[in-house]
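# Structural overview for review
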Amino acid sequence: MRTLAELRAKFRAVWPLLHERGKRLMAASEAKSFGYGGVSLVSRACGLSRKAVGKGIREIEAGTTWNGRIRRPGAGRKPIRISDPQLVDRLEAMVDETTRGDPESPLRWTFKSTRTLAAALNRSKHPISHAKVAQLLHDLDYSLQSNRKTEEGGDHPDRDAQFRHINNAAKRYLRTAGR
């Protein structure tokens, strides 16, 4: 098994420097040099599937050149706004009832958790993860705020003044930044 250890060391040295297609072609080249059983050996050594190594061999044999793209045009997952166009509107409707802050203000936040929102969206036939909900809320200029513990005392008397000050500072910054 000395060959497997040597292959693993070789791949480990170069792997972080390669993109998806480069890894596939390097693995395929090594597999071809071993001949029969090379695909299985290289697959174990580098972690790519036998199918990926086989695809690399076919690419080498066909002589396909790299045209600047790693995947075919249109490959990959479509953005969620395209695959589920009603999702963002549904999310905004859910968050709207718990939105805090002036709607005209640059500061808007919600205290609903992303996991709660994701679970509600999943129940209404919009499959989504809590991480994607957080990303969409961020894109909609929302800030996530945790629930305040009620046992820790009442509101600070200047709480509204504090938020007005923060909002005014944000507006001044956005004006000077040209936004």
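Below or above, wherever it landed, is the structure these notes cover. (Residues numbered from 1 in each chain as written. Predicted model: local features only at pLDDT ≥ 70, side-chain atom pairs only at ≥ 80, totals over all residues. Heavy atoms only, no water.)

Moving on: the nonpolar core. Core analysis: the biggest nonpolar cluster contains 16 residues, and Leu91, Leu117, Leu121, Ile128, Val133, Leu136 and Leu137 have the highest contact counts within it. Of all the secondary structure elements, the ones that give two or more residues to this core are α6 (87-96), α7 (114-123) and α8 (130-139). Considering every element that reaches this core, the biggest residue donor is α6, with 5 residues. Ignoring any residue separated from it by four or fewer positions in sequence, one finds leucine 137 in contact with Leu91, Val95, Thr110, Leu117, Tyr142 and Leu144. In terms of nonpolar packing, the next biggest core, distinct from the first, is built from 14 residues, Phe11, Trp15, Met26 and Ala27 among them. (Core = buried A, V, L, I, M, F, W, Y, C linked by side-chain atoms within 4.5 Å. Buried < 20%, exposed > 50% of the residue type's maximum accessible area, 1.4 Å probe, protein only. Helix = DSSP H or I, 4+ residues; strand = E, 2+ residues; numbered from the N terminus. Contact = heavy atoms within 4.5 Å.)

Right, let's get into α7. Taken as a whole, α7 has its buried residues at Thr114, Leu117, Ala118, Ala120 and Leu121. Projected down its long axis, α7 shows its buried positions confined to an angular sector of 165°, all on one face. Exposed and facing more than 90 degrees away from the buried side of α7 are Arg115 and Arg123. Positive phi shows up at lysine 125, right after α7, with a value of about 65°. (Arc of directions from axis to C-beta.)

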